[in-house]
Amino acid sequence: MERTLVIAASAPVPRGNRVEITQSRADGAVIAVHDLERGIRYRLRELPRDEVDVWRATVRDCTVADTPRGARTTLTMLAVDAAEDAAEALTEADAAAAAAKAESDRWGGADRPPAETPERFW
């Protein structure tokens, strides 16, 4: 699901980066944006953890504008479902394991008996 957030701060996040959004349960205001790729956290205000919701998304577009009232960031994001994210990780792990097995089969090794050493004549 695509979502657009407008934040009253300068919080530039490159396209394609994964972010973690913290929002207030009471009014839906954005509390913090954590860029998971770069490790940068843009914190707008503090709230106790039991009063916030946290969700993840991938940035589709980011626009930072300087307005008379201060900087404003518009983030267009594709929300990531945790179950889909876990399923994708498992699929990628299975593909990596299959690729490693194919490579080991190609190079051989444990499945072949060792070559016999020829008899030496002196």
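Residues numbered from 1 in each chain as written. Predicted model: local features only at pLDDT ≥ 70, side-chain atom pairs only at ≥ 80, totals over all residues. Heavy atoms only, no water.

(A) Molecular detail of the pairing of strand S2 (residues 18-24). In terms of burial, S2 is a largely internal element, six of the seven residues being buried. Two strands pair when backbone bridges link them, and S2 and strand S5 (residues 52-67) are joined in this way by seven bridges, in the antiparallel orientation. Paired with isoleucine 21 across the two strands is tryptophan 55, which belongs to S5. The pairing of S2 with strand S3 (residues 30-35) spans five bridges and is antiparallel. Along S3, the bridge assignment pairs glutamate 20 with histidine 34. Where S2 folds back onto S3 in an antiparallel hairpin, the turn is made up of five residues, including glycine 28, whose phi is positive at roughly 75°. (Buried < 20%, exposed > 50% of the residue type's maximum accessible area, 1.4 Å probe, protein only. Helix = DSSP H or I, 4+ residues; strand = E, 2+ residues; numbered from the N terminus. Pairing = 2+ DSSP bridges.)

(B) Summary view of the pattern of salt bridges. Going through the model one piece at a time under the given rule, you end up with eight salt bridges. The residue arginine 15 makes a salt bridge to aspartate 61 at a minimum N-O spacing of 3.8 Å. Taken together, the residues arginine 15 in the loop between strand S1 (2-7) and S2 and aspartate 61 in strand S5 connect sequence positions 46 residues apart. Residue classification places aspartate 61 among the partly exposed residues on the basis of a relative accessible area of 32%. Between arginine 38 and aspartate 35 there is a salt bridge, with the nearest N and O atoms lying 2.6 Å from each other. A relative accessible area of 39% places arginine 38 in the partly exposed class. (Salt bridge = Lys/Arg side-chain N within 4 Å of Asp/Glu carboxyl O.)

(C) Region of the structure containing the environment of threonine 76. Position of threonine 76 among the secondary structure elements: in strand S6 (residues 70-79). Residues threonine 76 and arginine 25 lie 51 residues apart in sequence; the distance between their C-alpha atoms is 20 Å. The residues contacting threonine 76, other than those within four sequence positions of it, are Glu2, Arg3, Thr4, Thr58, Val59, Arg60 and Asp61. (Contact = heavy atoms within 4.5 Å.)

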